[in-house]
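Each chain is listed here by its residues.
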Amino acid sequence: MPSLKPTNYNQIQRPCVIQSVHNLCSKGRLKEAVQSLENLASKGLRLDTRSLAFLLQECANYRSLKEGKWVHLHMNVTGRKRPGTFLSNQLIYMYSECGNWVCARKVFDKMSMKNLYSWNNMLSGYAKLRMMKPAQTLFNQMQEKDVVSWNTMVIGYAHTGHYNNALKFFKELRMSNIRLNEFSFSGLLTVCIQTKDFKLTKQVHCQVFHLGFLSNIVLCSSIIDSYAKCGEIHYARKLFDEMPKRDVLAWTTIVSAYAKSGDMNSANELFNIMPNKNPISWTSLISGYTRNGFPYEALNLFTKMISHKVTPNQFTFSSALCASATLTSIKIGKQIHGFLIKSHLTPNTIVLSSLIDMYSKCGSLQLSQIVFNLVTDTHNTILWNTMLSALSQHGHGKQSLELFSNMVRSKVKPDRITFIILLSSCSHSGLVQEGVNLFNNMFQDHGISPDEEHYACLIDLLGRGGCFDEVVNCLQKMSVEPDVRVWKALLGVCRIHGNMELGIKAGEKLIELEPDSSVGYVLLSGIYAISGKWDLVGKVRKIMKERGVRKELGFSWLENEKKLQGFSVSDKSSGFEGEIESVLKILASQMEKDDDDDLFPYS
């Protein structure tokens, strides 16, 4: 008797017309495959159950709702108006993956025989679409539930931000007689990461260890990520070191953890000994360097990544463009932009925003506007905000307001960031009344309640305009408690106008809230200096010294022979400090000459 072997689905002999459908799908030509169904129906042929399931699965994979509906129509016209349980489950999955819960539910309701998979399938569809109310109703109607049913509810509530409900369902699952699996902790770890709950993370770690699931690399990596998000990098590293087996995900997670914590030395050391790296690994380190103020290192690593034939992703390009913006190097920024075009990668919102921001910070507002005008997704708030910010940075307050009017006319909903940018723009352009009107209409016209940052912008706006009576009135009527940003804004404008009384009050409040930051001390001593109170200037500096507070050094970059060189005040490490000093003397001399010329313009 011949031995039975598992059937290879792709090698099944079928009529050539039906086989052509499978061939088209295997080549990624789903649309043509579905269109060929009409030819099948006209010849009196129909796909077998497994072929239909395969085609529906392909529609789900490509999120092709239109093609999925055509397959469903083919089923209806070829005698499958009431498909069996297996095909109905495939239809529910396809519609859910394509985001059409209405059609998925219609198929579910028409099923004459539903199994547990059918219920879980519909439940999962609701959860993926973040529709937890109907998911909860369906869950309550289920006569039979398994671990998949419970996991779906925990994950669904965790991903929609209903963390208490997620914890409640997990506790009920624990008290049931149902055995947990690795996926039972997925939703729970999402809660840990989002809430940065160290205590809960330790409890999850203990339960995972107790149930013997620590061999699951994905689960371990999630716990490492959770510890890192909680600021407990030591626990994250300890678990990583204890892992018997690590993949690229685990390595990338710990590298990213160190990078996000600001420890770039440890992140770089681990990255260098990684046995395998993927684009995400490279991007984690590049974005870490950018975020922590090491743009030169970020761009060096980006160049190295390309030389290793590793394809950058959207986040890689965004980080590299941000590094170029930090260095205000339009030459490097253009090179990255050119490489982005050559890579045939369609830039997403983050990359487009980074391009607009980079060109703006490198001094080319015109190129920022060109990029913005080429954007096809004109309903994205982030892109409008980035362009508004670019105009603000270049002092074009009135143009910012005009663009905002276009934004509203285009039915793009502004957010809290939009008004922070606009208020700041009005402040630096002297548009006091326009800024006040924006602030007053925020909630009434756009439903956005002002927070501490909005009040800080308003105080800066009024203060720069010398409206200190209105500033005091604003402080008294604030709907929120003034924070560091508010007092910092007030102190800054008091320094500009030499308002001693209000400035001293703001400075004391700021130092009280941020005793380890140099900002409050420096601004307060500046107010004393403007007023000639040198004894008080000395007193502030003495307090700074006693508390060990140091003013942060300014840092500059120069491009010399295609190399970028960073230096700070009194820095002798560059090797060409003599040349810099000579150039500065020439510039100072030229400034003095220009000043003399201005004094006697007609001589």
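Residues numbered from 1 in each chain as written. Predicted model: local features only at pLDDT ≥ 70, side-chain atom pairs only at ≥ 80, totals over all residues. Heavy atoms only, no water.

*Asks:* Requested: an account of the pattern of salt bridges, with residues and values cited.
*Replies:* Tallying each qualifying case throughout the model produces 14 salt bridges. Between Glu242 and Lys238 there is a salt bridge; the shortest N-O distance is 2.7 Å. Residue Glu242 and its partner Lys238 are both found in helix 15 (residues 233-242); the two are separated by four residues, about one turn of the helix. Given a relative accessible area of 48%, Glu242 falls into the partly exposed group. Where salt bridges share partners, they join Arg416, Asp451, Glu453, Asp483 and Arg485 into one cluster. (Salt bridge = Lys/Arg side-chain N within 4 Å of Asp/Glu carboxyl O. Helix = DSSP H or I, 4+ residues; strand = E, 2+ residues; numbered from the N terminus. Buried < 20%, exposed > 50% of the residue type's maximum accessible area, 1.4 Å probe, protein only.)

*Asks:* Lay out the packing of aromatic side chains with the relevant residues and their values.
*Replies:* A complete count under the given rule lists 19 aromatic pairs for this structure. Through successive ring pairs, a cluster of aromatic residues spans Phe139, Trp150, Tyr157 and Phe169. The ring of Phe169 carries the charged tip of Lys168 above its face, separated from the ring centre by 4.9 Å. (Phe/Tyr/Trp six-rings, centres within 6.5 Å; stacked < 30°, edge-to-face > 60°. Lys NZ or Arg CZ within 6 Å of the ring centre and 35° of its normal.)

*Asks:* Tell me about helix 31 (residues 500-513), and please be specific about residues and values.
*Replies:* The end-to-end C-alpha separation of helix 31 is 20 Å, in line with the 20 Å expected for 14 residues at 1.5 Å each. Taken together, the buried positions of helix 31 are occupied by Met500, Leu502, Gly503, Ala506, Gly507, Leu510 and Ile511. For helix 31, the arc enclosing every buried residue in end-on projection is 160°, short of the 170-degree limit, so these residues lie on one face. Those residues of helix 31 that are exposed and aimed more than 90 degrees away from the buried face are Glu501, Glu508 and Glu512. Summarising the contacts, the buried residues of helix 31 are in contact with helix 29 (468-477), helix 30 (484-497), helix 32 (518-530) and helix 33 (534-547). (Expected span 1.5 Å × (residues − 1). Arc of directions from axis to C-beta. Contact = heavy atoms within 4.5 Å.)

*Asks:* So what's going on with the nonpolar core? Which residues, and what values?
*Replies:* Membership of the largest hydrophobic core comes to 166 residues, with the highest contact counts inside it found for Phe185 and Leu490. Here the element with the most residues in this core is helix 30; it accounts for eight residues. Not counting residues within four places of it along the chain, the set of residues in contact with Phe185 comprises Phe170, Leu180, Val204, Gln207, Val208, Leu211, Phe213 and Leu219. (Core = buried A, V, L, I, M, F, W, Y, C linked by side-chain atoms within 4.5 Å.)

*Asks:* Got a sec to walk through the environment of Asp48? Specific residues and values, please.
*Replies:* Positionally, Asp48 belongs in the loop between helix 3 (37-42) and helix 4 (49-61). Note on Asp48: relative accessible area 33%, which makes it partly exposed. For the pair Asp48 and Leu301, spaced 253 residues apart in sequence, the C-alpha separation works out to 53 Å. Engagement of the side chain of Asp48 in a polar contact is seen with the backbone nitrogen of Arg50, the distance being 3.2 Å. (Polar contact = N/O pair within 3.5 Å; in protein donor to acceptor, adjacent residues only side chain to side chain.)

*Asks:* Report on the side chain of Asn100, specifying residues and quantitative values.
*Replies:* Within the fold, Asn100 resides in the loop between helix 6 (85-97) and helix 7 (101-110). Judged by relative accessible area, which is 15%, Asn100 ranks as buried.

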